[in-house]
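Each chain, letter by letter, is given below.
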Amino acid sequence: MSHLSERPEKPVVGVSMPHESAYLHVTGTALYTDDLVYRTKDTLHAYPVQVMKTRGRVTKLNTEPALAVPGVVRVLTAADVPGVNDAGIKHDEPLFPDVVMYHGHSVAWVLGDTLEAARLGAAAVEVEIDEEPSIMTLKEAIAAESFHGARPVMETGDIDAGFADSTHVFEGEFQFADQEHFYLETHAALAYVDENEQLFIQSSTQHPSETQEIVAHVLGLHSHEVTVQCLRMGGGFGGKEMQPHGFAAIAALGAKLTGRPVRLRLNRTQDLTMSGKRHGFHAKWKIGFDADGRIQALDATLVADGGWSLDLSEPVCARALCHIDNTYWIPNARVAGLIAKTNKVSNTAFRGFGGPQGMLVMEDILGRVAPKLGLDAMELRKRNFYQPGLGQHTPYGQPVTQAERISKVWEQVEEKGGIADRKREIAAFNAAHPHTKRSLAITGIKFGISFNLTAFNQAGALVLIYKDGSVLITHGGTEMGQGLHTKMLQVAATTLGIPLSKVRLAPTRTDKVPNTSATAASSGADLNGGAVKNACEQLRTRLLQVAASQLGSNAEDVRIVEGVARTLGSDKELAWDDLVRTAYFQRVQLSAAGFYRTQGLHWDAKTFRGSPFKYFSYGAAAAEVEVDGFTGKYQIRRVDIVHDVGDSLSPMIDIGQVEGGFVQGAGWLTLEDMRWDVSEGPNRGRLLTQAASTYKLPSFSEMPAEFNVSLMENAHEEGAVYGSKAVGEPPLMLAFCVREALRQAAAEFGPAGVSVELGAPATPESVYWAIQEARKGEGSEDAAAVNGTAVNGVSANGHVNGNGANGAVRTEVLSGA
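Residues numbered from 1 in each chain as written. Predicted model: local features only at pLDDT ≥ 70, side-chain atom pairs only at ≥ 80, totals over all residues. Heavy atoms only, no water.

Colleague: Whenever I open this one, the overall build of the protein confuses me. Can you help?
Modeller: Scanning the protein from N- to C-terminus turns up 19 helices and 30 strands. A globule of 817 residues ought to have a C-alpha radius of gyration of about 28 Å, and the protein, at 28 Å, matches this closely. A burial count over the protein gives 61% of its 817 residues as buried. Across the protein, the fraction of contacts at a sequence separation of at least 24, relative to all contacts at a separation of at least 6, is 81%. Accessible area of the protein: about 30,000 Å², with a carbon and sulfur share of 50%. (Helix = DSSP H or I, 4+ residues; strand = E, 2+ residues; numbered from the N terminus. Rg over C-alpha atoms; globule rule 2.2 N^0.38 Å. Buried < 20%, exposed > 50% of the residue type's maximum accessible area, 1.4 Å probe, protein only. Contact = heavy atoms within 4.5 Å. Areas by Shrake-Rupley, 256 points an atom, 1.4 Å probe, with all protein chains shown as cover.)

This is the structure in structure tokens:
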């Protein structure tokens, strides 16, 4: 067992405990960025001047009328920027643009003594633009070849030979929606200048170091002149990884120019119309199977809707390609990625970071073709699982370790969920109910953990021990409700061998731990846990020497357990507080900076080959649904999940993350239907779903009546902190089972063997239309191809003679665009 993963005697990790701020959350005493405004004197309020047109060059920007509004102090424009007028790492996001690129793009910001004064001032600013044609949809972007950024291609095996050896070949298209983060706390920043002209910024950000970097280059400063702190976030989900930087820069610029603190907080409508979403995708694919239903070849092109600027679209697209295989062995593949440039907000990171989009494409394919192959969808999936001991690797060349866990979690779901018995009960129910159908589906996940960019896989921590024995830790990760701070407290207490009550955690800030990576890619506990453990080990090593001198033994024979140092085989002991005090008087250093970098990673973005992930997380979930044939309305009757988190650092936290991730995934796949005005009218480009009243979020009424979550047992992860695995992102993809169950339930209204195309999100309306098509028999074995056209010489009925190694080739065209 590795040093990093080995647990000592009586560890604090592995103990179920509530979130470290749970009491503060439920009592309303937890402080967030905007709460600090009321503790800050003479704060100015920032309000955006948004242009409600989708694209056009600014021809007039008159700020004088705003300055005449009582309470308005200043209007910030591009002329005020002393450094670089850009809020992005790619330098394609002007902070104050001269070309409007999406509906609601802000071209100036008004500072007022009150928020109302700033709002009225913003309304008074006169802006005129010369409107230009815009691109709103992926279809429009593809037709216009409007792309930006990298165009990766992932290849493995021999794609032509793979299709030649295929007995069954299918082609199709699939387009699915974006998703709003809808964190409870909107984007917020508070900036002020101290007596040394240094900037201090409170920001709701997942990436304080990058916020610091962007603010510095906007203001023409060095990074050491800017300090960014994040107390906590009221949710982030990736939406606060890149996009807080510009808002922090606005607040910082205002503070620098006025000498007064500046507060910026978006209201909900502004947040929805100005911040990026999960990338919607369009996929075009061709897949081949042998006579037994095993995948032989895949040729696909994935187009991500990047919005107006690149943001994180390139790595999102790359991760989508890296996860299109999900849990399935694909010996021959060619998958290309493109990023569409559209006139929408700049889409950004969202829990799963492209992985869900890539995996959804494969799950949709298997769900659609299973009836065509005459196979139960569960059986088709199982036949294609990665198998242990065969040396199988992903399409980008990384060996699939622990492949046996793919089948193991699936089998545990089948057993714990009584799947075989319930399928028989469902069949009997469906036979007796012509207008209501039930279905049960299982899907699995394999999700890679680490940043694709190797350099990001590092972290730092600072641990201080005070003379009274109390401990303060600071690390580079941010807390957005996911429980990272709780886990870090447990790691520190475990490593030092002291009770949890001895340890306190300080807010994340750039002048304590520099050059940190974003709290993202599910790597927060892995990276920061490694750094905290490293710092604590340095301190423990020093203290063991002190304890040995007091106990008259060798340091190698001393153990610190539950706050007491003892020598093996002896009754002599030394209390932690006394040990620390003794160390102080012996002039032993009681602070340490820890560091961790993930070992064994390699990635070549140009060739799209390597091993970018430290390990894979696995899971499986089963969902049972009931669908009404008259309306498409449905309910999730039961969900059973088994998920692999290694040896859990904090089981209660991890189970909560699995539950929350699953619900958010179900929202994306079934409810959250973002709508934009794509007409040629005056409101083209306007986001139509601007509030919770029009954008449906999962609520209690959408929860499964029975929700069973288990963590995989005996799942130690060698080489990760205390044998644990990441938990943040992977559970979101467990929700694929809900959509697949809805697809199968819709098919129950049609003839046997019907192949159902289902929208994403699978809203009740989408399910209704799927039921209607199923009743027509569309996609069944004897039906014509859905779109009724020939592709590559294949007739519309899908039948063609071929010379495949396994016999006649059957090619069918499945729509879905």
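Colleague: What's the story with the side chain of His 643 in this structure? I'm lost.
Modeller: For His 643, the position within the fold is in strand β28 (residues 634-643). A polar contact of 3.4 Å, which involves the side chain of His 643, links it to the backbone oxygen of Tyr 618. Contacts of His 643, omitting those with residues within four sequence positions, involve Ile 445, Tyr 618, Gly 619, Val 658, Ser 710, Leu 711, Met 712, Pro 730, Pro 731 and Leu 734. (Polar contact = N/O pair within 3.5 Å; in protein donor to acceptor, adjacent residues only side chain to side chain.)

Colleague: Mind showing me how you'd approach the sheet that holds strand β12 (residues 262-265) here?
Modeller: To summarise the sheet geometry, strands pair through backbone hydrogen bonds and adopt either a parallel or an antiparallel arrangement. Taken in spatial order, the eight strands line up as β3-β5-β1-β12-β9-β10-β11-β20 in an open sheet, and their pairing is mixed. The outermost strands of the open sheet, each flanked by one partner alone, are β3 (72-76) and β20 (508-509). As defined by bridge partners, strand β9 (residues 188-193) adjoins β12 across four bridges and the pair is classed as antiparallel. Bridge pairing in β12 links Ala 189 to Leu 264. Its contacts with the sheet place helix α7 (residues 244-258) against β1 (44-51), β3, β5 (105-112), β9, β10 (199-203) and β12, and it is angled at close to 30° to β9. (Pairing = 2+ DSSP bridges. Axes fitted to C-alpha atoms, helices over the stretch in contact; angles between N-to-C directions.)

Colleague: Would you explain helix α16 (residues 576-585) in this entry?
Modeller: Because each turn of an α-helix spans 3.6 residues, side chains separated by three or four positions end up pointing in the same direction. All buried positions along α16 are accounted for by Trp 576, Leu 579, Val 580 and Ala 583. The buried side chains of α16 occupy one side of the element, clustering within an arc of 95° when seen end-on. (Arc of directions from axis to C-beta.)

Colleague: What should I look at first to understand the pairing of strand β2 (residues 56-62) in this one?
Modeller: Strand residues, when the strand is regular, have side chains that alternate between the two faces of the sheet. By the bridge criterion, two bridges tie β2 to strand β4 (residues 99-100) in an arrangement that is antiparallel. Following the sheet pairing, Arg 57 is matched in β4 by Val 99. For β2 and strand β6 (residues 126-131), the ladder comprises six bridges, and the chain directions are antiparallel. Across the sheet, Lys 60 pairs through a bridge with Glu 128, a residue of β6.

Colleague: Explain the pattern of salt bridges to me, please; I cannot follow it from the model alone.
Modeller: When the charged atoms of two side chains with opposite charge come close together, those side chains can pair. Taken as a whole and judged by the stated rule, the model has 51 salt bridges. Close ionic contact of Asp 113 with Arg 260 constitutes a salt bridge, the shortest N to O distance being 3.0 Å. Of this pair, Asp 113 sits in the loop between β5 and α3 (115-124) while Arg 260 sits in the loop between α7 and β12, placing them 147 residues apart in sequence. According to the relative accessible area criterion, Asp 113 is partly exposed, its value standing at 36%. Salt bridges here are not isolated pairs; linked through shared partners, they connect Arg 422, Arg 438, Glu 624, Glu 626, Arg 637, Arg 638, Asp 640 and Glu 706. (Salt bridge = Lys/Arg side-chain N within 4 Å of Asp/Glu carboxyl O.)

Colleague: Help me out: how do you make sense of the side chain of Glu 210 in this one?
Modeller: Its location among the elements puts Glu 210 in helix α6 (residues 208-219). The side chain of Glu 210 is buried and forms no salt bridge, while Lys 90, the nearest opposite charge, is found at 9.9 Å. Excluding residues that lie within four positions of it along the chain, Glu 210 makes contacts with Ile 89, Glu 241, Met 242 and His 245. (Lys, Arg positive; Asp, Glu negative; His and termini not counted.)

Colleague: Would you take a moment to explain the confidence of the model for the protein for this structure?
Modeller: In low-pLDDT segments, the atomic positions of the prediction should not be examined closely. Across the protein, pLDDT averages 95, with 95% of residues at or above 70. Across residues 779-809, confidence stays below pLDDT 50; counting only partners more than four residues off in sequence or on other chains, it has 60 contacts. (pLDDT = per-residue confidence, 0-100.)

Colleague: Explain the environment of Lys 10 to me, please; I cannot follow it from the model alone.
Modeller: With respect to the helices and strands, Lys 10 occurs in the segment before α1 (22-27). What makes Lys 10 exposed here is its relative accessible area of 51%. Once the C-alpha coordinates of Lys 10 and Glu 562 are considered, the two residues, 552 residues apart in sequence, prove to be 7.5 Å apart. When neighbours within four sequence positions are excluded, Lys 10 is seen to be in contact with Val 561 and Glu 562.

Colleague: I keep staring at the pairing of strand β17 (residues 458-465) and nothing clicks. Help me out?
Modeller: Where β17 and strand β24 (residues 591-597) come together, seven bridges link them in antiparallel fashion. Of the residues in β24, the one forming a bridge with Ala 459 is Tyr 596. Between β17 and strand β18 (residues 471-475), which pair antiparallel one after the other, the connecting turn spans five residues, and Gly 469 there sits at a positive phi close to 95°.

Colleague: Would you take a moment to explain the sheet that holds strand β16 (residues 436-449) for this structure?
Modeller: The four strands are arranged β16-β27-β28-β29 in an open sheet whose pairing can be described as mixed. At either margin of the open sheet sits one strand with a lone partner, and together these are β16 and β29 (706-711). Averaged over all neighbouring strand pairs, the angle between strand axes comes to 15°, with direction disregarded. For β28 and β29, the ladder comprises six bridges, and the chain directions are parallel. What sits directly across from Val 639, in β29, is Phe 707.

Colleague: So what exactly am I meant to see when it comes to unusual backbone geometry here?
Modeller: The step from Ala 760 to Pro 761 runs through a cis peptide bond, and the omega angle for that step is 15°. You can see Pro 761 is positioned in the loop between α18 (736-747) and α19 (764-776). The phi dihedral of Glu 197 falls on the positive side, at around 65°, and the residue is not glycine. With respect to the secondary-structure elements, Glu 197 resides in the loop between β9 and β10. Since its relative accessible area comes to 49%, Glu 197 is described here as partly exposed.

Colleague: Just to check I follow, could you spell out the environment of Ser 166 for this structure?
Modeller: Among the secondary structure elements, Ser 166 is positioned in the loop between α5 (159-164) and β8 (168-176). On the accessibility criterion, Ser 166 (0% relative accessible area) is buried. Between the C-alpha atom of Ser 166 and that of Ala 291, which follows or precedes it by 125 residues, the distance is 7.6 Å.

Colleague: Please clarify how helix α10 (residues 355-369) should be interpreted in this entry.
Modeller: Here α10 is 15 residues long and its end C-alpha atoms lie 22 Å apart, about the 21 Å a rise of 1.5 Å per residue gives. Burial analysis of α10 places 15 of its 15 residues in the buried class, which makes it a mostly covered element. (Expected span 1.5 Å × (residues − 1).)

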